[in-house]
Amino acid sequence: MCMGETDGKGASTSTRDDVARCANGCGKPGTKRCKGCKAAFYCSVACHKTHWKTGGHRAACRKTRAQVEAVRVTAEMVRSPTRDTSSVCIICLDVGDAPPIQSGCGCRGDAGLAHVDCRAEACAHRARGGIRDGWLSCGTCHQLYTGRMKLGLAETLWSIHQDGDEQSQERQWAAGVLAAALNDQGRCAESEAICREVRAVHRRMKTPDPDRVVAADRLLANILIDQGRHAEAEGLYREVLGAQQRMLPPNDPATLRTMMNLGNVVHTQGKLAEALARYEDLRSIQERVLGPDHLDTMTTSFNIAATLSAQSKVDEAEVMLRDVLKVQQRVLGAEHPATLTTIYSLCIVLTKRYAFGEAETRCLDLLSVQQRLHGPHHSLTESTAVLLEGLRQFKNDPPLTVPSIAHTN
């Protein structure tokens, strides 16, 4: 929240009769403008603070800034000779003030394009009908949102609940959704701060809900992993898994997710034999309970392949990655983030097997898709470019240093 006076060159200080009135409703002239949205005027810092905290300006300011940014992006598109005017939001059927973005779910092509505000309105409608998970997954393909759409929906959800009772289940859930989305965008410090505050609220409650305490601990452990604090995360996961196995029915989805996370953290620390055993036990349960085509089952199979590759069992790893890729291309689509991750990992395994022809072809195809989706300077695009360059250099000057396959959550 920032506010400042302006001068005669476009600022808000004025003595004219048509000066804006204080947005807080006190009736006084608004001689100071909010530096965030630059649309609301106030007579004093006190009125600005009051309107920010209790008058709804916090959410309005964020929305106005987002609209201004959308106009800027749209203007850049208009100037761009490559602007695509055929893509419209699947919900409002219009381009709107800003072009729609991919939802990052399993909807393919233009079917996945939507405005964040349109998705948010649909999510709010579904939530009123008791479908709260609509904020997390697409109502059409039932896959989780990812990327910018996931973060945009999380920020909207938090703006709805942030001023509510800190101990309410809805507010704590919204905070957890935002923490997870921020973490996915690499904003780990912000994510950890939110998660630790949620845990602190749980512990201040007279009768804390064990399920919510466990959920907060699990989310914090995920964030610690992304910061490289694996030993801390492993300890939390073991505590969480023990609590879930005591409290929840056998094969509960939350327990299965924690089993996956614990396998990941021991894999990261080089405990490959334990990781492989945990993954294989988990996959046998998932195939029976969730089915072989479920996203979680595919993720576990992918992690088994990553562990086999790390143990230099590249033939077994290749077979498993090809099986996973077939299912992902059919269920998620050819350009889903999980599908692209599997293609990149298959390129690594093919390189380890010296199958350079197929590895180079797949790398080129993957690089083309990533450049179109993310741009040339995105970390994923750059990783593929580095692998491709290494492949080409190896043909003339071995040996080649091949990256390892990273497990996924």
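Whatever comes next refers back to the structure up there.
A. Broad picture of the overall build of the protein chain. In terms of helices and strands, the protein chain carries 15 helices and five strands. Looking at the protein chain as a whole, 43% of its 409 residues qualify as buried. Considering only contacts within the protein chain whose residues lie at least 6 apart along the sequence, 53% involve residues at least 24 apart. Accessible surface computed for the protein chain: about 21,100 Å², of which carbon and sulfur atoms make up 53%.

B. Geometry of the packing of helix H9 (residues 253–268) against helix H10 (residues 272–289). Where H9 meets H10, the closest approach of the two axes is 8 Å, and the angle between their N-to-C directions is 160°. Between H9 and H10, the interaxial angle falls into the category roughly antiparallel. Helix-helix and strand crossings are classified by hand; for H9 and H10 the assignment is left-handed. For the pair formed by H9 and H10, the contact residues are Leu-256, Met-259, Met-260, Leu-262, Gly-263, Asn-264, Val-266 and His-267 on the first element and Leu-272, Glu-274, Ala-275, Arg-278, Tyr-279, Leu-282, Ile-285 and Gln-286 on the second.

C. Fine view of the packing of aromatic side chains. One pass over the structure, following the stated rule, counts one aromatic pair. Ring centres 5.7 Å apart and planes at 85° place the aromatic pair Tyr-354 and Phe-356 in the edge-to-face group. For Tyr-354, a relative accessible area of 57% corresponds to the exposed category.

D. How the structure looks around unusual backbone geometry. Phi is positive for Leu-93, close to 60°, though the residue is something other than glycine. Examined against the element boundaries, Leu-93 turns out to sit in the loop between helix H2 (57–79) and strand E4 (101–102).

E. Expanded view of the nonpolar core. Core analysis: the largest hydrophobic core is formed by 53 residues, its most contacted members being Ala-233, Tyr-237, Val-265, Leu-321 and Ile-405. The element that contributes the greatest number of residues to this core is helix H13 (residues 337–352), accounting for eight residues. Beyond its immediate stretch of four places on either side in the chain, Ile-405 contacts His-267, Phe-302, Ala-306, Ser-309, Leu-321, Ser-345, Ile-348 and Val-349. Membership of the second largest hydrophobic core comes to 28 residues, among which are Ala-114, Trp-135, Trp-173 and Val-198.

F. Main features of H13. Here H13 spans 23 Å end to end across 16 residues, near enough to the 22 Å set by a 1.5 Å rise per residue. Burial runs high along H13: twelve of the 16 residues are buried. Among the residues of H13, those classed as buried are Thr-339, Leu-340, Thr-342, Ile-343, Tyr-344, Ser-345, Leu-346, Cys-347, Ile-348, Val-349, Leu-350 and Thr-351. Where H13 is buried, its residues contact helix H11 (295–310), helix H12 (314–331), helix H14 (356–374) and helix H15 (379–394). Just downstream of H13 lies Tyr-354, where phi reads positive at about 65°.

G. Seen up close, the packing of helix H7 (residues 210–226) against H9. It is the contact of H7 with H9, at a shortest axis distance of 11 Å, that shows an interaxial angle of 25°. Here H7 lies roughly parallel to H9, going by the angle between them. The way H7 lies across H9 gives a crossing that is left-handed. Here Arg-218, Asn-222 and Ile-225 of H7 lie close against H9, whose contacting residues are Ala-254, Arg-257, Thr-258, Asn-261 and Val-265. Within the contact of H7 with H9, the residues separate by chemical class into three nonpolar, three polar and two charged.

Calculation rules
- Each residue is numbered by its place in its chain's sequence as written, counting from 1.
- Local features are withheld for residues below a pLDDT of 70 in this predicted model, meaning they are given only at 70 or higher, and side-chain atom pairs are given and counted only at 80 or more; totals for whole chains, interfaces and linings count all residues.
- Excluded from the side-chain calculation are hydrogens and water; included are all heavy atoms of the structure.
- Secondary structure follows DSSP: runs of H or I at least 4 residues long count as helices, runs of E at least 2 residues long count as strands, and numbering of each begins at the N terminus.
- Classification of residues uses two cut-offs on accessible area relative to the type maximum, computed with a 1.4 Å probe and protein chains only: under 20% is buried, over 50% is exposed, and between them is partly exposed.
- In this analysis, two residues are considered to be in contact whenever any of their non-hydrogen atoms come within 4.5 Å of each other.
- Only the protein chains shown count as cover for residues, and all accessible areas are computed by the Shrake-Rupley method using a 1.4 Å probe.
- Every axis in this analysis is a line fitted to C-alpha atoms, fitted for helices over the stretch in contact. Angles between the N-to-C directions lie between 0 and 180 degrees.
- In what follows, roughly perpendicular refers to angles from 65 to 115 degrees, roughly parallel to angles under 35, roughly antiparallel to angles over 145, and oblique to any angle outside these ranges.
- Crossings are classed by handedness, with left-handed meaning an anticlockwise turn of the near helix from the far one by less than a right angle and right-handed meaning a clockwise turn.
- Two rings from Phe, Tyr or Trp (for Trp, the six-membered ring) form a pair when their centres sit within 6.5 Å of each other. Planes less than 30 degrees apart are called stacked, planes more than 60 degrees apart edge-to-face, and all others tilted.
- The criterion is simple. A nonpolar core is a set of buried Ala, Val, Leu, Ile, Met, Phe, Trp, Tyr and Cys residues joined through side-chain atoms within 4.5 Å.
- Expected span of a helix: the number of residues minus one, times 1.5 Å.
- The classification used treats Ala, Val, Leu, Ile, Met, Phe, Trp, Tyr, Cys and Pro as nonpolar, Asp, Glu, Lys and Arg as charged, and all other residues, Gly among them, as polar.

In short, shape yes, function no, at least from these values alone.
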